[in-house]
Amino acid sequence: MNNLWTSEDISKILIQLDALNLPFSKYALYQNDGKLKLLGRGGSAEVYEAQTRSSQKQNFAMKVIGFRSQNIDSDFFNESVQVQKDIGDYQDYVVKIYDHAEIWVMLDDRDNVVSAVKEKPETVSRTTIKLQFVLMEKIAPVITRTKGGNIRMNPDSLAHGDEQEILKLAYDIGLALKRAHNKNVLHRDVKLENVFYSKKKKQYKLGDFGIAKKTEDGFAGTIAFTKGYAAPEVRASDDRYDNTADIYSFGMMLYVLANNLKFPDSNTYNVNSSMQYEPGYIVPKLEFLVSDDLYYVIAKACMYNPDQRYQSMEEMLLDIEKLMYDVSLGYKKEHKNSSLIVGAIMLALGIVAWKLTMAPEIAGTTSTNNTLSVRLLWTNIYS
């Protein structure tokens, strides 16, 4: 089957399906002079504007999966969509889903639609394509890229590192994650690309539960992840992980926002995995002039060891609330976050052990230098 679909190819097929009242009888793709309105495109899907067939007053977004050879297993697709729908029905901070469908489309050699059915046909030919559709509320993404590759943020205040706006996003998305975790659902792909903003409601929403997992015991295994946002334990394919992996991704998203859209120890919006995923790693201070308290909240969420992170979204939201209402978290020298201190000690001890291994003949000098390293790490945390 064709894996190099052009925008014109995709539009041609979708317009033909739309004429057959597919994939939804009540909703149509918005057309202007026979052209569809593309709202966005990702690695596995296109998103088009849609509307009710009876009226053009209510607009939606229709996500189309399948033209990029990234079909999700049918059962998993239905499960992940239903998970987002169930959470969104009772949580304003999750992008709402109104309907979804799976269509098997048979094409001729010129990509004309011969037939389309909702059940997998007995015989699947080389000109058969499976398409998956999700109808959801139309809402603007927080991060977009221009044709030249430049990043744009929505709203503008996020691009300038406004602390209150970052906290607003943190609180709204935190509530969405809290609801998901309380339902034993792991999102597994928390990142800026999956956060949306309603200018009218001044509200942030979490979307794209495409690889979310409803768990029996609160644990899941790796299926996919985004470099930089993924927790260290998620990158280890033989490990299982829990909600603290989402908390890591959530914290890293806040770090990037407060660090001028740069990942830790990186000069761009690209991860420096050689540093970020080193055992005992602690994220460095931020580029934007945000408070030390916000840095400590983010750093705790991003601890390498999952046992040293926030253990629940409720716990993290309490600290976020205090910052939103300008209540000091009381990070005094004698009451620094214990997980950060433990992480610093582990990192320092690792440095000591490495240097002693590399240069045993000057162990005395190395010991003195590493004592200074430990003090510097403590000083950086306390300053």
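On a predicted model such as this, the values are computed, not experimentally measured, just so you know.

Chemist: Tell me about the overall build of the chain, and name the residues and values.
Modeler: Tallying secondary structure elements over the chain gives 11 helices and 18 strands in all. Burial status across the chain gives 49% buried among its 383 residues. Sequence separation of 24 or more characterises 63% of the internal contacts of the chain that already satisfy a separation of 6 or more. By element, 49% of the accessible surface of the chain is carried by carbon and sulfur atoms, the whole surface being about 19,200 Å².

Chemist: Give a detailed account of helix α8 (residues 292-301), specifying residues and quantitative values.
Modeler: With 9 of 10 residues buried, α8 lies mostly within the body of the structure. Taken residue by residue, α8 has D293, L294, Y295, Y296, V297, I298, A299, K300 and A301 as its buried positions.

Chemist: Let's hear about the sheet that holds strand β15 (residues 203-206): which residues, and what values?
Modeler: One open sheet accounts for 3 strands, arranged β10-β14-β15; its pairing is antiparallel. The open sheet has two edge strands with one neighbour each: β10 (140-141) and β15. Against the sheet, helix α4 (residues 163-182) contacts β14 (195-198) and β15, and its axis sits at roughly 40° relative to β15.

Chemist: Provide a residue-level description of the pairing of strand β5 (residues 45-52), including the pertinent values.
Modeler: Most of β5 sits inside the fold, with 8 of its 8 residues counted as buried. Here 3 bridges tie strand β1 (residues 27-29) to β5, and the two strands are oriented antiparallel to one another. By the bridge assignment, A28 is partnered in β5 with Q51. Where strand β4 (residues 38-41) folds back on β5, the antiparallel hairpin that results is connected by 3 residues. Judged from the 7 bridges that link them, β5 and strand β6 (residues 59-65) form a sheet pairing that is antiparallel. Along β6, the bridge assignment pairs Y48 with M62.

Chemist: Requested: an account of the pattern of salt bridges, with residues and values cited.
Modeler: For the structure on display, the rule yields 15 salt bridges. A salt bridge links R126 to D109, with the nearest nitrogen and oxygen atoms 3.2 Å apart. Taken together, the positions of R126 in the loop between β8 (113-117) and β9 (128-137) and D109 in the loop between β7 (97-107) and β8 put the pair 17 residues apart, joining distant regions of the chain. D109 sits in the exposed class, given a relative accessible area of 63%. Note that K300 is salt-bridged to E315, the shortest N-O span being 3.2 Å. Here K300, found in helix α8, pairs with E315, found in helix α9 (residues 313-324); they are 15 residues apart in sequence, far enough to count as distant. Each of the salt bridges in this network shares a partner with another, and the network as a whole consists of K37, E49 and K138.

Chemist: For the environment of D319, give the residues involved together with the corresponding values.
Modeler: You can see D319 is positioned in helix α9. For D319, a relative accessible area of 14% translates into the label buried. Along the backbone, D319 and L294 are 25 residues apart, and their C-alpha atoms lie at a distance of 8.9 Å.

Chemist: Just give me the short version of the pairing of β4, but keep the residues and values in it.
Modeler: The sheet contact formed by β4 and β5 spans 3 bridges and is antiparallel. What sits directly across from G40, in β5, is V47.

Chemist: Which residues make up the packing of α4 against α9, and what are the values?
Modeler: Where α4 meets α9, the axes come as close as 10 Å, and the angle between the chain directions of the two elements is 160°. What the angle tells us is that α4 and α9 run roughly antiparallel. Considering how the two elements wind past one another, α4 and α9 form a crossing that is left-handed. Facing α4, whose interface residues are Q164, L167, A170, Y171, G174, L175, L177, K178, H181 and N182, α9 presents M313, E314, L317, I320, E321, L323 and M324. Its residues placed into classes, the contact of α4 with α9 shows 10 nonpolar, 4 polar and 3 charged.

Chemist: Summarise the confidence of the model for the chain; cite the residues concerned and give the values.
Modeler: The share of residues in the chain with pLDDT of 70 or more is 83%, and the mean pLDDT across the chain is 85. β15 holds the highest mean pLDDT among the elements of the chain, 98, whereas helix α11 (residues 363-382) holds the lowest, 39. Segment residues 331-336: pLDDT under 50, and 12 contacts once partners within four positions in sequence are set aside and those in other chains are kept. Of the regions scoring below 50 in pLDDT, residues 351-383 engages in 26 contacts with residues more than four places distant in sequence or in other chains.

Chemist: Residue-level account of the packing of aromatic side chains, with values.
Modeler: Two measures describe an aromatic ring pair: the distance that separates the ring centres and the angle between the ring planes. Scanning the entire structure with this criterion turns up 9 aromatic pairs. Ring centres of Y27 and F60 lie 5.2 Å apart, and the angle between their planes is 75°; on these two criteria the pair is classed as edge-to-face. In this pair, Y27 is assigned in strand β1 and F60 in strand β6, connecting sequence segments 33 residues apart. Centre to centre, the rings of Y197 and Y204 are 4.6 Å apart; their planes meet at 45°, and the pair counts as tilted. This pair shows no difference in class: Y197 is buried, exactly as Y204 is. Put simply, the rings of F24, Y27, F60 and Y98 touch in pairs and so form one group of aromatic residues. Looking at R235, its charged tip hangs above the ring of Y277, at a distance of 3.9 Å from the centre. A cation over an aromatic ring shows up here: K300 above the ring of Y310, its NZ or CZ 4.5 Å from the ring centre.

Chemist: Which residues make up the side chain of E46, and what are the values?
Modeler: For E46, the location among the structural elements is in strand β5. Since its relative accessible area comes to 0%, E46 is described here as buried. In contact with E46, other than residues within four places in its own chain, are I10, L38, G40, R41, M62, K63, V64, F67 and R68.

About the criteria used
Residues numbered from 1 in each chain as written. Predicted model: local features only at pLDDT ≥ 70, side-chain atom pairs only at ≥ 80, totals over all residues. Heavy atoms only, no water. Helix = DSSP H or I, 4+ residues; strand = E, 2+ residues; numbered from the N terminus. Buried < 20%, exposed > 50% of the residue type's maximum accessible area, 1.4 Å probe, protein only. Contact = heavy atoms within 4.5 Å. Areas by Shrake-Rupley, 256 points an atom, 1.4 Å probe, with all protein chains shown as cover. Pairing = 2+ DSSP bridges. Axes fitted to C-alpha atoms, helices over the stretch in contact; angles between N-to-C directions. Salt bridge = Lys/Arg side-chain N within 4 Å of Asp/Glu carboxyl O. Parallel < 35°, antiparallel > 145°, perpendicular 65-115°, else oblique. Left-handed = near helix turned anticlockwise from the far one by under 90°. Nonpolar A, V, L, I, M, F, W, Y, C, P; charged D, E, K, R; others polar. pLDDT = per-residue confidence, 0-100. Phe/Tyr/Trp six-rings, centres within 6.5 Å; stacked < 30°, edge-to-face > 60°. Lys NZ or Arg CZ within 6 Å of the ring centre and 35° of its normal.

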